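# What the coordinates show
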Amino acid sequence: MSAINERRERERAHRHQLIVTAARELAEAEGWEAVTTRRLAERVEYSQPVLYSHFDGKDAIVSAVAVDGFGELAAHLRRARQAAPEPGRALRAVCRAYLDFATARTALYQAMFVLPTDVKFASARTPPPLRAAFGEFVSCFRPDDERRELFAEVTWSAVHGMAVLSDSGRIPLDGQEERLDLLVTRIGGIAAD
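The structure presented is a predicted model; accordingly, all values stated were derived computationally and were not measured.

### Regarding unusual backbone geometry
- Backbone geometry at Glu45 places phi at a positive 60°, although glycine is not the residue there.
- Looking at the secondary structure, you find Glu45 in the loop between helix H2 (37-44) and helix H3 (48-54).
- You will see that Ala122, though not glycine, has its phi angle at about 50°, which is positive.
- Looking at the element boundaries, Ala122 is found in the loop between helix H6 (106-113) and helix H7 (128-138).
- Looking at Ala122, the relative accessible area reads 78%, which means it is exposed.

Now the structure itself:
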């Protein structure tokens, strides 16, 4: 690849990230309904055709934001797991970190799990950042247990449910620690058997 082509690719990657960052900031400030291609084009000071040269539309932008979010989530979970290396404590730390992430980054969490995207879970097309986030749950279970991915899947599903139900006000936040203790005790206990 020539130096000119390399520079063009860097510039394209920079524009791509600029659009993703602008979408995320706008969603965090005003909600996802405020994120339109027109507003994003204005915000990043590019024309709508330039925006469409990077993304097919809003769903593709949301997908890019989601993939970035999974990278952040994976790093957040990894720090929590490494700070509590004992298996039972690691699982609780990862679950607590997950719930904290969902609460602190509501718009990002919506892009990752609520809004329509083409991000594939449990597939050959699953993006590496999503695999890394899931891997942090898997790492909390014994390496010799053939069901460890199943335990990780059930745990992730449960904490996701807690996050969504708490955010919507359907279950009270004040019971979160008790729910978390029950989940970790039951799933962690089964995994340790």
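### Observations concerning the pattern of salt bridges
- For the structure on display, the rule yields 15 salt bridges.
- As a salt-bridge pair, Arg7 and Glu11 come within 3.0 Å of each other at their nearest N and O atoms. With a gap of 4 residues between them, Arg7 and Glu11 both fall in helix H1 (residues 3-30), about one helical turn apart.
- For Arg7, a relative accessible area of 37% translates into the label partly exposed.
- When its relative accessible area of 35% is taken as the criterion, Glu11 is described as partly exposed.
- Ionic pairing is found between Glu25 and Arg43, a salt bridge with its closest N-O pair at 4.0 Å. One end of the pair, Glu25, is in helix H1; the other, Arg43, is in helix H2, with 18 residues separating them in the sequence.
- Judged by its relative accessible area of 39%, Glu25 falls in the partly exposed class.
- We classify Arg43 as partly exposed; its relative accessible area is 41%.
- Residues participating in the shared-partner salt-bridge network are Arg92, Arg96, Asp100, Glu177 and Asp181.

### Some details on the environment of Ala93
- Its place among the elements puts Ala93 in helix H5 (residues 87-104).
- It is 6.0 Å that separates the C-alpha atoms of Ala93 and Arg81, two residues lying 12 residues apart in sequence.
- Apart from the residues within four sequence positions on either side, Ala93 is in contact with Ala80 and Ala84.

### Description of the packing of H1 against H2
- In the contact formed by H1 and H2, the axes pass within 10 Å of each other and the chain directions differ by 115°. Considering their axes alone, H1 and H2 lie roughly perpendicular with respect to each other. H2 is crossed by H1, and the crossing has right-handed handedness. Residue-level inspection shows Leu18, Ile19, Ala22, Ala23, Glu25, Leu26 and Glu30 of H1 in contact with H2, the latter providing Arg39, Leu40, Arg43 and Val44.
- Residue composition of the contact of H1 with H2, by class: 7 nonpolar, no polar and 4 charged.

Conventions used here
- Residues numbered from 1 in each chain as written.
- Predicted model: local features only at pLDDT ≥ 70, side-chain atom pairs only at ≥ 80, totals over all residues.
- Heavy atoms only, no water.
- Helix = DSSP H or I, 4+ residues; strand = E, 2+ residues; numbered from the N terminus.
- Buried < 20%, exposed > 50% of the residue type's maximum accessible area, 1.4 Å probe, protein only.
- Salt bridge = Lys/Arg side-chain N within 4 Å of Asp/Glu carboxyl O.
- Contact = heavy atoms within 4.5 Å.
- Axes fitted to C-alpha atoms, helices over the stretch in contact; angles between N-to-C directions.
- Parallel < 35°, antiparallel > 145°, perpendicular 65-115°, else oblique.
- Left-handed = near helix turned anticlockwise from the far one by under 90°.
- Nonpolar A, V, L, I, M, F, W, Y, C, P; charged D, E, K, R; others polar.

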